[in-house]
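Architecture and fold: a report
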Amino acid sequence: EERGKLIRQLTELGADETGELRADVQFGDGFADAAAATAERTEVLGLVDTLKRNLDDVDRALGRIAEGMYGVCLSCGRDIGADRLAFRPESVYCVECKAKADS
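Note that the structure is predicted; figures quoted are calculated from it, not measured.

**Some thoughts on the pattern of salt bridges**
Under the defined criterion, the tally for this structure stands at nine salt bridges. The shortest N-O distance in the salt bridge between Lys5 and Glu2 comes to 3.5 Å. You can see Lys5 and its partner Glu2 sitting in helix α1 (residues 2-12), three residues apart, about one turn around the helix. Arg3 is paired through a salt bridge with Asp59; the nearest N and O atoms lie 2.5 Å apart. In this pair, Arg3 sits in helix α1 while Asp59 sits in helix α2 (residues 34-67), placing the two residues 56 residues apart along the sequence. On the accessibility criterion, Arg3 (24% relative accessible area) is partly exposed. Asp59 gets classed as partly exposed once you look at its relative accessible area, which sits at 29%. Each of the salt bridges in this network shares a partner with another, and the network as a whole consists of Asp57, Arg60, Arg88 and Glu90.

As structure tokens, this is what we get:
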């Protein structure tokens, strides 16, 4: 369900599943709009990048489900807590290992 939502959001922004913008996406029609078009394109690219990273996380979680490894921390091998998985189902690290990685 989350994967489908992310793909729909990418499509609405004019990108495909790989995060590439379609050739038909327009960001302004003239020199006067160049700055606005550049700003809009930069914003869209940032959103597309975030959505693509989220999609990659979901795909990785789906792969771990297929492997029978969903819910197991990639770093320490312990179970990822149910609360963490409920909050962020695509998590691959337990809270402790994620905190170590972020510090």
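**As for the environment of Leu13**
Mapped onto the secondary structure, Leu13 falls in the loop between α1 and α2. Each C-alpha atom, one on Leu13 and one on Leu85, is 28 Å from the other, the two residues being 72 residues apart in sequence. Each residue touching Leu13, except ones within four places of it in the same chain, is listed here: Leu21, Val44, Leu47, Val48 and Leu51.

**Points about the environment of Gly81**
Within the secondary structure, Gly81 is located in the loop between α2 and α3 (82-87). With relative accessibility at 38%, the residue Gly81 sits in the partly exposed group. Residues Gly81 and Tyr93 lie twelve residues apart in sequence; the distance between their C-alpha atoms is 9.5 Å.

**A few points about the confidence of the model for the protein chain**
Confidence in the prediction for the protein chain averages 88 pLDDT; 93% of positions are at 70 or higher. Within the protein chain, α2 has the poorest average pLDDT of any element, 89, and α3 the best, 94.

**Quick notes on α2**
Compared with the 50 Å implied by 1.5 Å per residue over 34 residues, the 48 Å span of α2 between its first and last C-alpha is a close match. Taken residue by residue, α2 has Ala37, Val44, Val48, Leu51, Leu55, Asp57, Val58, Ala61 and Arg64 as its buried positions. Packed against the buried residues of α2 are α1. Positive phi shows up at Gly68, right after α2, with a value of about 80°.

Cut-offs and rules
- Residues numbered from 1 in each chain as written.
- Predicted model: local features only at pLDDT ≥ 70, side-chain atom pairs only at ≥ 80, totals over all residues.
- Heavy atoms only, no water.
- Salt bridge = Lys/Arg side-chain N within 4 Å of Asp/Glu carboxyl O.
- Helix = DSSP H or I, 4+ residues; strand = E, 2+ residues; numbered from the N terminus.
- Buried < 20%, exposed > 50% of the residue type's maximum accessible area, 1.4 Å probe, protein only.
- Contact = heavy atoms within 4.5 Å.
- pLDDT = per-residue confidence, 0-100.
- Expected span 1.5 Å × (residues − 1).

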